[in-house]
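Observations on chain architecture
Letter by letter, the chains look like this.
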Amino acid sequence: MSENILPEWARDLGLVAHPEGGWYRETWRSPVRIPADVLPPGYSAERPVATAILFLLLPGEQSAWHTVRSAELWLYHRGSAVLLELGGDGDQPAAPTEIHVGADISAGQTPQAVVPPGVWQRARPLGDEPVLVSCVVSPGFDFADFRLAAPDA
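Residues numbered from 1 in each chain as written. Predicted model: local features only at pLDDT ≥ 70, side-chain atom pairs only at ≥ 80, totals over all residues. Heavy atoms only, no water.

This part covers the UniProt feature "domain: DUF985" (unreviewed entry) in the protein chain. Look at the UniProt record and you will see "domain: DUF985" (unreviewed entry) annotated at residues 8–149. Taken end to end, residues 8–149 is 3% helix and 44% strand, and its two terminal C-alpha atoms sit 32 Å from one another. (UniProt positions renumbered as here; feature names shortened; annotations may be inferred. Helix = DSSP H or I, 4+ residues; strand = E, 2+ residues; numbered from the N terminus.)

Shown next, in the form of structure tokens:
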């Protein structure tokens, strides 16, 4: 997929296609490390204290159901609000609960939301504008801790 489809304001962000869908770029990886022996069960090696990415979804795009071993904080920046669906922490996504991440607090949106560790999630814009958020993961993100649901989930 080509970065040429991104809106002009997003092209300078250096985003690339994300395996779950959408566009991203890691912007920060803490230099402070957590040793594997003090992390919760399931981590295969040490992790940074936290990591951060910029994440963009275009209208009509949706991220695939996925889960991350760590907690993930979503922070809204611009564009349409985003529908963040949480599908529980089972083997596959369950009936989702919805969080509307955006700037219109009076309409029930929230400018930030937390996805607990190991909870299935997916997201899509609620309007016709691209949505830009940051996602901060702690302990820091590693693709070893990332899992995509089966395509039919």
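Tallied over the entire structure, the rule returns four aromatic pairs. With a centroid separation of 4.8 Å and 85° between ring planes, the pair formed by Phe141 and Phe143 is classed as edge-to-face. Of the residues examined, Phe143 reaches a relative accessible area of 41% and is grouped as partly exposed. The interplanar angle of 70° and the centroid separation of 6.1 Å between the aromatic rings of Phe141 and Phe146 together place this pair among those described as edge-to-face. Side by side, Phe141 and Phe146 carry an identical accessibility label, which is buried. Each member of the aromatic cluster is reached from another via a ring pair, and the members are Phe141, Phe143 and Phe146. A cation over a ring is seen here: Arg69 above Tyr43, with NZ or CZ 5.7 Å from the ring centre. In this structure, Arg78 packs its charged tip against the face of Trp9, placed 3.9 Å from the ring centre. (Phe/Tyr/Trp six-rings, centres within 6.5 Å; stacked < 30°, edge-to-face > 60°. Buried < 20%, exposed > 50% of the residue type's maximum accessible area, 1.4 Å probe, protein only. Lys NZ or Arg CZ within 6 Å of the ring centre and 35° of its normal.)

Empty space within the largest pocket amounts to approximately 230 Å³. Taken together, 20 residues form the lining of the largest pocket, with His18, Ile53, Glu72, Val137 and Phe141 sitting closest to its centre. It is strand 5 (residues 51–57) that provides the largest number of residues to the lining of the largest pocket, a total of four residues. Of the residues in the lining of the largest pocket, the class split is eleven nonpolar, four polar and five charged. (1 Å grid on protein atoms, 1.4 Å probe; cavity = no way out; pocket = protein on both sides within 12 Å on 5 of 7 lines; lining within 4 Å. Points joined across faces, edges and corners; volume = space filled by probe spheres on them. Nonpolar A, V, L, I, M, F, W, Y, C, P; charged D, E, K, R; others polar.)

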